[in-house]
Amino acid sequence: MQIPTKIDNHELVSARPASRRLVSPRLVLFLALALVYCYVSFHRVTLAVIGDLLASEFNLGPAELGLLGGILLYCYAFMQLPSGILADHVGPKRTII
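A. Spotlight on the overall build of the protein. When helices and strands are tallied, the protein shows four helices and two strands. Of the regular secondary structure in the protein, the N- to C-terminal order runs β-β-α-α-α-α. A total of 97 residues make up the protein; the buried ones form 8% of that total. Contacts in the protein between residues far apart in sequence, at least 24 positions, make up 15% of those at least 6 positions apart. When the accessible surface of the protein is split by element, carbon and sulfur atoms take 68% of a total near 8700 Å².

B. Spotlight on helix H1 (residues 25-49). Between its terminal C-alpha atoms H1 stretches 36 Å, which fits the 36 Å expected from 25 residues at 1.5 Å a residue. Looking at where H1 begins, the residue whose side-chain oxygen comes 3.2 Å from the main-chain nitrogen of Arg 26 is Ser 24.

C. Structural view of the environment of Gly 84. Structurally, Gly 84 can be placed in helix H3 (residues 62-90). In this structure the C-alpha to C-alpha distance between Gly 84 and Thr 95, which are 11 residues apart in sequence, comes to 9.2 Å.

D. Up close: H3. Compared with the 42 Å implied by 1.5 Å per residue over 29 residues, the 42 Å span of H3 between its first and last C-alpha is a close match. After H3 finishes, the residue Gly 91 shows a positive phi value of roughly 100 degrees.

E. The packing of H1 against H3, seen in detail. Running from N to C, H1 and H3 cross one another at 165 degrees; their axes reach a closest spacing of 10 Å. Taken together, the axes of H1 and H3 lie roughly antiparallel to each other. Crossing geometry of H1 relative to H3 is assigned as left-handed. Taken together, the residues of H3 that come into contact with H1 (itself represented by Val 40, His 43 and Leu 47) are Leu 65, Leu 68, Gly 69, Leu 72 and Tyr 76.

Quick notes on the rules
- Here the residue numbering is sequential within each chain, running from 1 through the sequence in written order.
- Totals for whole chains, interfaces and linings use every residue, but because this is a predicted model, local features are given only for residues with pLDDT of at least 70 and side-chain atom pairs only at 80 or more, for both listing and counting.
- The basis for every side-chain value is the complete set of heavy atoms in the structure, and neither hydrogens nor water enter the calculation.
- Each helix corresponds to a stretch of at least 4 residues labelled H or I by DSSP, and each strand to a stretch of at least 2 residues labelled E; elements are numbered beginning at the N terminus.
- We call a residue buried when its accessible area falls under 20% of the maximum for its residue type, exposed when it is over 50%, and partly exposed in between, using a 1.4 Å probe and counting protein chains only.
- The contact definition used throughout considers only heavy atoms, calling two residues in contact when any of these lie within 4.5 Å.
- Note on areas: Shrake-Rupley with a 1.4 Å probe; residue coverage comes only from the protein chains shown.
- Take the number of residues in a helix, subtract one, and multiply by 1.5 Å to get its expected span.
- Polar contacts, as used here, are pairs of N or O atoms within 3.5 Å; protein pairs need one atom able to donate a hydrogen and one able to accept it. Residues neighboring in sequence count only if both atoms are side-chain atoms.
- Between N-to-C directions, angles cover 0 to 180 degrees, with each direction set by a line fitted to C-alpha atoms, over the stretch in contact for helices.
- An angle below 35 degrees is treated as roughly parallel, one above 145 as roughly antiparallel, one from 65 to 115 as roughly perpendicular, and anything else as oblique.
- Put simply, a crossing is left-handed when the front helix is turned counterclockwise from the back one by less than a right angle, and right-handed when it is turned clockwise.

Here you go:
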C-alpha cells in the first residue's frame, strides 16, 4: 500500500511506508561501521605482513619495526580524544556520517 504525501507545489506523490523501505538506515549504518572496522583492521595487520620487506629495504632491525608499530598505535590512540569530543559535541550518529 502506498501513502500519498504532499510536497511544496501541492502535488501528491506516493511514498513508501517506513516498514517497506528498500534499505534500512540501520543496515546502512551497520555496513558503514563494518567497512571502517575492516579498514582499521587492515592497517593494523599490514605492518606484520610487510615487516620483512620493510626490514630488508630500509635496513631496519626489530627495535625499529617495533618503534614503527608503536607510532601507529600512538596515532590511533591520539585520535581517540578528538573523535570522542566530536562524538560528545555533535552526537555519535553525525560523527559517523
